[in-house]
Amino acid sequence: MMSLARRRLILGCAAAAANTAAVPIWAEPASNTSSNNWPSKTIAIVVPFPAGGSADLSARLLAEHLKTVLGQPVVVENKPGAGGNLAAAEAARAQGDGHTLFIGTNGTQTINQSLYRHLSYNPSTDFTAIGMMWSAPHLVVVHPAIPARSLDSFIAHARARPGELSYGSSGIGSSTHLFGEMFKARTGIDMVHVPYRGQAAALEDLIGGRIAAMFPIVPDVIASIRADQVRALARAANSASGILSDVPRTPQLGYSDLIASAWVALYAPAPTPASIVERLRAQLDALLGSDAFIERMKQVGVEVERKRLDDFVTFAQQERRRWAKLIESLKLQIE
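## Here's the deal with the pairing of strand E7 (residues 192-195)
Here comes step 1: Pairing of strand E6 (residues 166-169) with E7, which is carried by four bridges, proceeds in the parallel orientation. Counted as the bridge partner of serine 169 is proline 195 from E7.
Here comes step 2: The handedness of the E6 to E7 crossover, carried by helix H7 (residues 175-187), is right-handed.

This is the structure:
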């Protein structure tokens, strides 16, 4: 017969086994599981512009890089509309598991917070910055028929014709509009703003002579400058550049405060685990340092700009305050 002690030992082991089986496999912390297994499916990079532009190009080059090093599919999802707000709101609401990334811009992350009365995302709290990718300065560009070959001569030409000249932008509240208004206020000229639905339509009218000027960023107009379809008079940048190096910088011309650029950075939804964010930062840094990426972006008029993360965060905060002040002075507000 089985002894009482042996019977108790067998019953105790059976109970322990039953309790162990009752513990679900997902009882481990979800964050650890997702971090350890990442990436476990397709990664989506959300872009707030149509396909074909410089922001889209940089996103696609990033997608190819991540696909190669991470071994999972990476797709670019273009979601234009509402000044980038549609894409930003979607990315902000996405699950923070490292499988959704966002190409944020100076518009979505700094300008729109002051420009739109109702914003369905908070650029300060809904995202984690992975890193800045590039920036591109604004230009002062005119139609070749304008009898001005320098910035000063253009300002004099415009001052002599208050309200007669017009400039185009990619839309109300865009950086091409805001820098145009900054330029007007700083130089004391009176030009009529003509908003377009996108930069391409504005450039077409500038080339056709239907507007006199534009204030685009370099990649949006560099091909037209090289083809002598438009004339660049100044570049709103502090630093020298190998791109359009013959175009003088505004500080060289006496306008040290007339500086503006558009920029692109990579973000993840705020809840994304820190371990995943750090892996993404390492891979972004590797891409930005590669000769192939640098050269490809130069071909479209973009210079890669690498900032320390804390410097970039400070820079974005300064940009937010700077554009907010200008928007308030212009009394601009979009519902």
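## Some points on helix H8 (residues 199-207)
Here comes step 1: Taken as a whole, H8 has its buried residues at Gln199, Ala202, Leu203, Asp205 and Leu206. Around the axis of H8, the buried residues are gathered within 160° of arc, so they sit on the same side. Projecting away from the buried face of H8 at angles above 90 degrees are the exposed residues Ala200 and Glu204.
Here comes step 2: On its buried face, H8 is in contact with strand E5 (139-142), E6, H7, strand E8 (213-214) and helix H9 (218-226).
Here comes step 3: Just downstream of H8 lies glycine 209, where phi reads positive at about 80°.

## What about the side chain of serine 224?
Here comes step 1: Structurally, the position occupied by serine 224 is in helix H9.
Here comes step 2: Of the residues examined, serine 224 reaches a relative accessible area of 7% and is grouped as buried.
Here comes step 3: Discounting chain neighbours no more than four positions away, the residues touching serine 224 are Leu203, Ile207, Gln229 and Val230.

## Topic: unusual backbone geometry
Most peptide bonds are trans, and most residues other than glycine sit at a negative phi.
Here comes step 1: The omega torsion across tryptophan 38 and proline 39 is -10°, close enough to zero to call that bond cis.
Here comes step 2: As for its placement among the helices and strands, proline 39 is situated in the loop between helix H2 (30-37) and strand E1 (43-47).
Here comes step 3: Even without a glycine there, the phi angle at alanine 82 is positive, about 55°.
Here comes step 4: Locating alanine 82 in the fold gives a position in the loop between strand E2 (74-78) and helix H4 (85-93).
Here comes step 5: What makes alanine 82 partly exposed here is its relative accessible area of 41%.
Here comes step 6: With a phi angle near 60°, aspartate 228 is a residue other than glycine that sits in the positive phi range.
Here comes step 7: Mapped onto the secondary structure, aspartate 228 falls in the loop between H9 and strand E9 (231-235).

## Structural notes on the packing of aromatic side chains
Here comes step 1: In this structure the tally under the stated criterion is nine aromatic pairs.
Here comes step 2: Ring centres 6.2 Å apart and planes at 80° place the aromatic pair tyrosine 121 and phenylalanine 127 in the edge-to-face group.
Here comes step 3: Geometrically, the ring pair formed by phenylalanine 127 and tyrosine 267 is edge-to-face, given 5.9 Å between the ring centres and 70° between the ring planes. Within this pair, whereas phenylalanine 127 is found in strand E4 (residues 127-137), its partner tyrosine 267 is found in strand E10 (residues 261-269), the two being separated by 140 residues in sequence.
Here comes step 4: The buried category is assigned to phenylalanine 127, whose relative accessible area is 7%.
Here comes step 5: What makes tyrosine 267 buried here is its relative accessible area of 5%.
Here comes step 6: Ring pairing ties together the aromatic residues Phe102, Tyr121, Phe127, Trp263, Tyr267, Phe312 and Phe315, which thus form one cluster.

## What to know about the environment of isoleucine 103
Here comes step 1: Relative to the elements of secondary structure, isoleucine 103 occurs in strand E3 (residues 100-105).
Here comes step 2: On the accessibility criterion, isoleucine 103 (0% relative accessible area) is buried.
Here comes step 3: Separated by 30 residues in sequence, isoleucine 103 and methionine 133 have C-alpha atoms that sit 9.3 Å apart.
Here comes step 4: Residues contacting isoleucine 103, with those up to four places away along its chain left out, are Ile45, Val46, Val47, Pro48, Ala59, Met133, Val264, Ala265 and Leu266.

## A closer look at helix H12 (residues 309-330)
Here comes step 1: Here H12 contains 22 residues, and its C-alpha end-to-end distance of 32 Å stays within 8% of the 32 Å for a straight helix at 1.5 Å per residue.
Here comes step 2: All of the buried residues along H12 are Phe312, Phe315, Ala316, Glu319, Arg320, Trp323, Leu326 and Ile327. Seen along its axis, H12 keeps its buried residues to an arc of 145°; they face one direction. Exposed residues lying more than 90 degrees from the buried face of H12 are Arg321, Lys325, Glu328 and Ser329.
Here comes step 3: Looking at the buried residues of H12, the elements they touch are helix H5 (106-115), E4, H7 and E10.
Here comes step 4: Of the residues one or two after H12, lysine 331 is the one with positive phi, at around 55°.

Calculation rules
Positions within a chain are numbered from 1, following the residues in the order the chain's sequence is written. Only residues with pLDDT of at least 70 get local features here, since the model is predicted, and only at 80 or more are side-chain atom pairs given and counted; chain-wide, interface and lining totals rely on the full set of residues. To obtain the side-chain values, all non-hydrogen atoms of the structure were included, while hydrogens and water were left out. Note on pairing: DSSP must find at least two bridges between two strands before they are called paired. Helix and strand assignments come from DSSP, with helices taken as H or I runs of at least 4 residues and strands as E runs of at least 2, each series counted from the N terminus. Whether a crossover is right-handed comes down to one check: with the strands pointing away from the viewer, does the path from the first strand over the helix to the second run clockwise; if it does, it is right-handed. When accessible area is computed with a 1.4 Å probe and restricted to protein chains, residues below 20% of their type maximum are described as buried, those above 50% as exposed, and intermediate ones as partly exposed. What the arc describes is the spread of directions from the helix axis to the C-beta atoms. We call two residues contacting when some pair of their heavy atoms lies within 4.5 Å. Note on aromatic contacts: the rings of Phe and Tyr and the six-membered ring of Trp form a pair at centre separations within 6.5 Å, being stacked when their planes are under 30 degrees apart, edge-to-face when over 60 apart, and tilted otherwise. Given a helix with a known number of residues, its expected span is that number minus one, times 1.5 Å.

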